Amino acid sequence: MAQKIPTVKMVAWESIIPQAIIFIGIFLILKTAGVKQPVIYGGFIYLGLSQSLRRILSRYHIRGVSLIRQNKYNEAIVQFNNSYNYFNKHRLIDKYRYFTTMSSSKMWYREMALNNIAFCYGQIGDGANAKKYYLKTLEEFPGNPLATAGLALMRAAENNNQSQGENSK
């Protein structure tokens, strides 16, 4: 049985406003067009639109998360690199993710990609690359709590290894 991978979801509650605007816009279009039960149909359209946009625009991210769940970390690193490169090239999609992917995540997709790459390297035992990507995350997104916690955990492990080495002498 595969171990359950911990996840952190930081929700940006301010994302409710643009998403409500989108839903209200859909509702008003349907109501103006004379559609009966515009709330129900608007809800289906909203859900379909949000799922479609998310699947198309964040496809690499979704694949990477799926691969992490399967413990395929090397393959996940490739997908998260693709995600980082895509959103780095299309920064406005990432910046306005509340509208473009209807995401409620507080973190940018680029930020999530860097953290996930670091996590994957940590899972395959490549501490040097894990540290490199956590540091890159903090360079681009100062104060990122996941990168800060990841680096603190790595330092604690290094200190523990050093103290165990000293105790065995």
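Residues numbered from 1 in each chain as written. Predicted model: local features only at pLDDT ≥ 70, side-chain atom pairs only at ≥ 80, totals over all residues. Heavy atoms only, no water.

Undergrad: Got a minute to help me understand the overall build of the protein chain in this structure?
TA: Helix and strand counts for the protein chain come out as nine helices and zero strands. Sequence-ordered secondary structure for the protein chain, helices as α and strands as β, is α-α-α-α-α-α-α-α-α. The buried share of the protein chain, taken over its 169 residues, is 36%. Considering only intrachain contacts with a sequence separation of at least 6, the fraction spanning at least 24 residues in the protein chain is 53%. Accessible surface, the protein chain as shown: approximately 10,600 Å² in total, 60% of it carbon and sulfur. (Helix = DSSP H or I, 4+ residues; strand = E, 2+ residues; numbered from the N terminus. Buried < 20%, exposed > 50% of the residue type's maximum accessible area, 1.4 Å probe, protein only. Contact = heavy atoms within 4.5 Å. Areas by Shrake-Rupley, 256 points an atom, 1.4 Å probe, with all protein chains shown as cover.)

Undergrad: So what exactly am I meant to see when it comes to helix α8 (residues 127–140) here?
TA: In an α-helix, one full turn covers 3.6 residues, which means residues spaced three or four apart are oriented alike. Relative to the 20 Å expected for 14 residues at 1.5 Å per residue, α8 spans 20 Å between its end C-alpha atoms, a close match to the ideal helical length. By the burial criterion, the buried members of α8 are A130, Y133, Y134 and T137. All buried residues of α8 lie within an arc of 100° about the axis, which places them on one face of the element. Every exposed residue of α8 that faces more than 90 degrees away from the buried side is listed here: A128 and E139. (Expected span 1.5 Å × (residues − 1). Arc of directions from axis to C-beta.)

Undergrad: So what exactly am I meant to see when it comes to the nonpolar core here?
TA: Within soluble globular proteins, side chains that are nonpolar generally end up buried alongside one another. With 21 residues, the main nonpolar core has I68, F80, C120 and Y134 as its most contacted residues. Among the elements that take part in this core, helix α7 (residues 109–123) stands out by supplying seven residues, more than any other. Counting residues in hydrophobic clusters, the runner-up holds seven residues, among them Y86, F87, I93 and Y109. (Core = buried A, V, L, I, M, F, W, Y, C linked by side-chain atoms within 4.5 Å.)

Undergrad: So what exactly am I meant to see when it comes to the pattern of salt bridges here?
TA: Opposite charge on two side chains makes pairing possible when the charged atoms of those side chains draw close. Applying the stated criterion across every chain, the model contains two salt bridges. Notably, a salt bridge pairs D94 with R110, separated by 3.5 Å at the nearest N-O pair. Placement of the pair is D94 in helix α5 (residues 91–95) and R110 in helix α7, with a sequence separation of 16 residues. Each of the two residues, D94 as well as R110, counts as buried. Here R110 and E140 are joined by a salt bridge, their closest N and O atoms 3.1 Å apart. Taken together, the residues span a long stretch of sequence, with R110 in helix α7 and E140 in helix α8 at a distance of 30 residues. R110 gets classed as buried once you look at its relative accessible area, which sits at 5%. Ionic contacts of the salt-bridge type, sharing partners, join the residues D94, R110 and E140 into one network. (Salt bridge = Lys/Arg side-chain N within 4 Å of Asp/Glu carboxyl O.)

Undergrad: Sorry if this is basic, but what is going on with unusual backbone geometry here?
TA: With the exception of glycine, most residues fall at negative phi, and the peptide bonds are largely trans. The residue N71 is not glycine, and still its phi comes out positive at about 60°. Despite not being glycine, M102 shows a phi value in the positive range, around 55°.

Undergrad: In this structure, what is going on with the environment of T148? I would like to understand it.
TA: Of note, T148 is situated in helix α9 (residues 145–167). The exposure class assigned to T148 is partly exposed, which follows from its relative accessible area of 39%. Between the alpha carbons of T148 and T137 there is a distance of 9.1 Å; along the sequence they are eleven residues apart. The contacts of T148, once residues within four sequence positions are left out, are L138 and G143. Here N144 takes part through its backbone oxygen, which lies 2.8 Å from a polar atom of the side chain of T148. (Polar contact = N/O pair within 3.5 Å; in protein donor to acceptor, adjacent residues only side chain to side chain.)

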